[in-house]
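# Structure at a glance
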There are 2 protein chains.
Amino acid sequence: MQTPLILSSFVKRAEQFFPNKLIISRTAEDTIHRIPYREFAKRTRKLADALTKLGMKHGTKVGSFGWNHHRHLEAYFGVPCTGAILHMINIRLSPEHIAYVINHAEDEILLVDDNLFPHLQQLAPMLKTVKHYVIMGDSKEIPPTNLENVHAYEALLEEASDAFEFPEDLDENTPAGMCYTSATTGNPKGVVYTHRGLVLHSYALGLSDAMGLRESDIAMPVVPMFHVNAWGIPFASVFFGTTQVLPGPGLNPQILLDLIEQEKVTVSAGVPTIWLAVLREQEQNPRDLSSVRGIICGGSASPKGLIRAFEEKLGIPFIVGYGMTETSPLVSLSVLTADMEDLSMDEKIDIRALQGLVMPGLEIRVVNENGEVPWDGKTMGELTVRGPWIASEYYKDERTAEAFKDGWLYTGDIAVMTDFGYLKLMDRTKDLIKSGGEWISSVDLENALMTHEAVFEAAVIAIPHEQWQERPLACVVLKEGQIGNDETKQALLSYMEGQFAKWWVPDDIVFLDEIPKTSVGKFLKAALRNQMDAYYQRV
Amino acid sequence: MQTPLILSSFVKRAEQFFPNKLIISRTAEDTIHRIPYREFAKRTRKLADALTKLGMKHGTKVGSFGWNHHRHLEAYFGVPCTGAILHMINIRLSPEHIAYVINHAEDEILLVDDNLFPHLQQLAPMLKTVKHYVIMGDSKEIPPTNLENVHAYEALLEEASDAFEFPEDLDENTPAGMCYTSATTGNPKGVVYTHRGLVLHSYALGLSDAMGLRESDIAMPVVPMFHVNAWGIPFASVFFGTTQVLPGPGLNPQILLDLIEQEKVTVSAGVPTIWLAVLREQEQNPRDLSSVRGIICGGSASPKGLIRAFEEKLGIPFIVGYGMTETSPLVSLSVLTADMEDLSMDEKIDIRALQGLVMPGLEIRVVNENGEVPWDGKTMGELTVRGPWIASEYYKDERTAEAFKDGWLYTGDIAVMTDFGYLKLMDRTKDLIKSGGEWISSVDLENALMTHEAVFEAAVIAIPHEQWQERPLACVVLKEGQIGNDETKQALLSYMEGQFAKWWVPDDIVFLDEIPKTSVGKFLKAALRNQMDAYYQRV
C-alpha cells in the first residue's frame, strides 16, 4: 500500500491499455498532427534519454516555453518521470520576469517552441544557468542563431533510445513541476508540484462529482500548458486514456469552434473571456456542438449571461470552478447535487455561477478577524485552503510567510459561504472596494452589469473618494451596435439600482473599447486603474 | 502536498457538506432506520469517545461482528479515525476460525450485533485478549449473560461526548482495518488496510471510468460489511456524500428488491449468486427498478445468461469486476471503452463477462514460467497485482512469502489477457483441471453450462483419471421444472461439444439440489469435492 504515486505510472498505463487513443495537436501552420499514446510513450522515453544525455539529472530544472501541443505533453512526462523538474514558463510574462523566473528556478535546459525562439533568444544574455536550448518544432534543423548549444527536438529524439526506463522507486514527494504566479508587487512567485500532488489531482479530475474526465472523453484544454499545468487536464488525460486535443498557438474562437466540431470534443476548459468570444462566434457562425457534454470555466468570475447562454441556448452544462497556481489548481466546481435537480433553470444558473463545492480531499475555510465566518451567504472573509494538492510554500521566497500559515494557504480571495456550503468568490483582497467602512464586491457588480443585454464586458474598480474613502467606477465594453451615450449610462445605472443597495451602485460608468487582460484572460485591474488615471485625477 | 490521506477527512466532509443526506438501515426486525450524516458524524465521535474510555488506544484492535447497518458504519470510522484498528470478523467462519482470528488479531474490544451475541458468547471461553463486549442494537439494556464487561452500544453513546476530536496528524500509513481471508489449508490469513489505501481506493470507486460513485447515488452494498469492507462502498459513500442503503441481516431477494424499489437505489454490488436469485424473484414478482443505473458483480465469474438478462431484459448495465481481500478489493471492472460503443449487444455481453480493465493506479501482470504471458486471450498464467491499495503481507503470518514476491501480490488466480488488455479469469490455481498435461478452465465450462436454458447453477471440478491425470466433472442444479435424467444430460453434453474442444467437455454430469457455497456466495469446490466422494471412489 506504499506503492508511490508517480507520473510514470500514467505513461505506462496509456501505453499498455490505450495505445491507439490519440493526442491531436494543432500546429503553428494550422495543420492537425495526430500521434497515438503508443508513440507518445516511446517519444517520452526518448526525450528523457536525450535530455539525460544533455546532462539532465534527478532534480535538474528544465524550462518549457511553448503552447499546447504534443511535444509539450511529452515534456510534461519525459522530464519529471526521470526525477527532474519541468518548469512551465508563462510566455506572456514581461522579458524581465521571464529572465527572473528562469534564473530563480535555475533552469539548465530550455525547451522552446520554434516560433517563440526568436523572442527567447533576445533574453539569452540575461540567463545565468541555461546550458542548452532545445527547439520544439517539426524541423530537425536548428534556425540561424548566435547561441551555442542549440538543438532540434526532433533531431535529439532521432538519436535517442526508447528503451530508456523511468525509475519505479521515485519518492512520490519528489518535485515534478513548477509554475510561477504573478505577484501584486515584485517578481513572480514559484510554486512546486510534487508527483503525489499531481497524481491525486488527476484522481480528483476523474471523479463523477468533479469533471468526470474519462476514457471516452475528447478533452480540449484551452488553458495554456504554461498556466498551472493546463489545469491538470493533460496529466489526467494520459492517466485515463482520454483523447486530447491540444489547440496550439494563436487561439481564436473560430479555431476553437472548428476544433470542437471537427474533433468532436466532449469537454473543454478555459477562462470566461474565451467562452464569451466563443459564444459570440457561435451566434454568428453556428457549428455543430452536439458532442460537448460540458464546459469548465474558471480563472475569474463567470457572468450569468454567459452561463445562461451555454445552458439554455446551447444546452451545454457550464460548470464554474475555482483554483489558482498554488492549488494545482482545482479547488471547487459548481456541480449540482441531487437535491438541486428539481430547481428552476434560473435557480440552477444562480448555483452554476458560484465557485461551488470543494473537491473531495480538500478543506476550505473562509476566515475574518473573528475566525471562520458563518455560512450565511453574506459574511465575507478570506478563503483559506489545505489538502494534498495545495502548495505549502513559495519556492525559495520570503513571501511564503504571507500566504502559508498553520498549514493553510491564504488565497487572498474574499469569499462567502452559502448556507448549503458552496463557495462564492466576492473579490481579490486587493480589488475589494471599501466604501464608508463597508466592503463592496467589484465582482458582484461586474456580473450584474454583464447580464444586461447591451453589455459585452464590464470591470469595476475603486476610485478614491474624500468622504467614503473609495467608491466603485464601472468600465464597460458595449456589444456591437450599442452606443455609449448618456442614455445607455442611465439605463445601466437604473438596472443596477434595481438589484443592489444604493451605496453599492457605481458612481459613474466609463465606456471603453476593451478591458485590459492578464496573460490568461483575467481582467487586469491594475492596468485598468492606470488607464483610468485621467478619471482619478478628475476626482 | 503532504496532507495525510486519512479517513477522518471523510467524516468531516460528510458532516460539513452533506449533513442531511441519509444512511438508511434495515434492522433485524425488518423496519427501516434513517439517520442523516450530521447525526452519523456526532455518533461516530461519541463511539470513539466511548471506546477510548473503555481503553481503546492508538493501535488497539477492535473487532466487529455484525451485518450491514449504521452502527457498523459508525465503527468503520469511529475506530480507525482515532488511530485504532477495526477488525471486521467474518461471522460465517467456523467457531474455531472465529476464535482463531480474534486471538490472532488480539482484539481487545468486540462490537457484536444483538442477534449474533448468543453465538459469539459461546466462543468467549476460547478468546484470550477480549476485555469488553459491546452489543450493537436498539436497546440500552444488556441481555442476560454470564460474561463480564458487556455493554450496550446505545448506553455507551448516551454517556459519551460528541466533542471528541479525531487527530488530524495521523500518519496515512497507520493501519485502519483488518479482514481475514480463508486459506486453502490452515487458518485464515489476515490482511491489513491502511488509511492511505482506503482513501485511494475510495477515489478509484468515484472515477467515471470505474463505479462512478457520486453524491446523487443511492448505493446499496449487498456485500457484507465483514467482507473486504463491503467492497469499500461504505467508505467511499461517506466521502462523496452518497446516500447509503444498508440492508441488515437475513438477506433474501424479496428484501433486496423491495429496498431497491422503495429507496430508489441507483447502484448496488454483490456476488453472482445474489443477482441470480434477484433475477429469479424479479421475473416472478416484478418491482420498479427504473432508479438503478448499474449493478456491480464480483467475487466469482458471472454467467453470461445473468449478464444478458440484466442488460437486455431489465436494461441495467451489469458490470463484472475482480478483486480479493488482499486488494481492498477493487482491481478491475468490465467497463466499456469508447471504441466498444458500436459493438452488438452480444459482443458487449462478451466483454461484460470479462473481469475487465485494471483500475487507474494499479498494475497487473499475468505470468507463467516464461515470464509475462502474451496478450492473446489464450495463454494462461497467474495473475499478479501491485499498487497503492494492494496488501504487501499477511498479518504476522509465514504464508506471506508464498503470495508476496518482489512487490507483487500473487493472487492464485489463473487468467489470460485479451488482445485489448482486458483481464479474463480462468480459474483458481487449485481449481484448474490438468488433463493430459494441458489446462482446462473449470470456470469457462461452468459459464457455458449456465447459459443453457435448463441450468440454474453449475460447478465443474476435477476427478482423478488414470490416463489423463484429471478430467472435468460437471455438477449441475437445474431450474425448477427441469428433470435431471439421461436425456437432459445428453442435451447438456451436446451443448458443450458445440462450444469446446472435445477434450474439454466434461466426462460426466451429476445433478444436485444445490451447490455448496462459501460464506460470501462463491462455489465451495473443496466441499463439493468431498460431497462427490462417492463419485471419486467409483472412478
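Residues numbered from 1 in each chain as written. Chains lettered and ligands numbered in written order. Predicted model: local features only at pLDDT ≥ 70, side-chain atom pairs only at ≥ 80, totals over all residues. Heavy atoms only, no water.

### What to know about the overall build of chain A
- Each helix and strand in chain A was counted, giving 17 helices and 27 strands.
- Relative to a compact globule of 539 residues, whose C-alpha radius of gyration would be 24 Å, chain A shows 23 Å and is just as compact.
- The principal-axis extents of the C-alpha atoms in chain A amount to approximately 70 × 50 × 50 Å.
- By the burial criterion, 62% of the 539 residues in chain A qualify as buried.
- For chain A, long-range pairs separated by at least 24 residues make up 66% of all intrachain contacts whose partners lie at least 6 apart in sequence.
- Of the accessible surface of chain A, which amounts to about 20,300 Å², a share of 48% is contributed by carbon and sulfur atoms.
- In chain A, 49 positive and 72 negative side-chain charges are present, and the distance between their average locations comes to 2 Å. (Helix = DSSP H or I, 4+ residues; strand = E, 2+ residues; numbered from the N terminus. Rg over C-alpha atoms; globule rule 2.2 N^0.38 Å. Buried < 20%, exposed > 50% of the residue type's maximum accessible area, 1.4 Å probe, protein only. Contact = heavy atoms within 4.5 Å. Areas by Shrake-Rupley, 256 points an atom, 1.4 Å probe, with all protein chains shown as cover. Lys, Arg positive; Asp, Glu negative; His and termini not counted. Charge placed at Lys NZ, Arg CZ, Asp CG, Glu CD.)

### Quick word on the packing of aromatic side chains
- Counted according to the given criterion, the structure contains 37 aromatic pairs over all chains.
- An angle of 70° between the planes, with centres 5.1 Å apart, marks the rings of A:Tyr394 and A:Phe404 as edge-to-face. Of this pair, A:Tyr394 sits in the loop between strand 19 (381–386) and helix 13 (400–403) while A:Phe404 sits in strand 20 (residues 404–405), and the two are 10 residues apart along the sequence. The same class applies to A:Tyr394 and to A:Phe404, which are both buried.
- The interplanar angle of 75° and the centroid separation of 5.4 Å between the aromatic rings of B:Phe77 and B:Phe235 together place this pair among those described as edge-to-face. (Phe/Tyr/Trp six-rings, centres within 6.5 Å; stacked < 30°, edge-to-face > 60°.)

### A look at the sheet that holds strand 4 (residues 85–88) of chain B
Residues and elements named next belong to chain B.
- One open sheet accounts for 7 strands, arranged 7-6-5-3-4-8-9; its pairing is mixed. Each having just a single partner strand, strand 7 (150–152) and strand 9 (189–194) make up the two edges of the open sheet. Here the average twist between neighbouring strands, direction ignored, is 25°.
- Summarising the sheet, strand 6 (residues 132–136) and strand 7 pair through 3 bridges and their orientation is parallel. Paired with Val134 across the two strands is His151, which belongs to strand 7.
- Helix 7 (residues 195–206) rests against strand 8 (175–181) and strand 9 of the sheet, and its axis sits at about 75° to strand 9. (Pairing = 2+ DSSP bridges. Axes fitted to C-alpha atoms, helices over the stretch in contact; angles between N-to-C directions.)

### Brief notes about the state of the cysteines
- Scanning all chains against the criterion turns up 0 disulfides over all chains.
- B:Cys81 takes part in no disulfide bond, and the closest cysteine sulfur to it belongs to B:Cys179, at a distance of 16 Å. (Disulfide = S-S within 2.5 Å.)

Shape descriptors only; they carry no functional weight alone.
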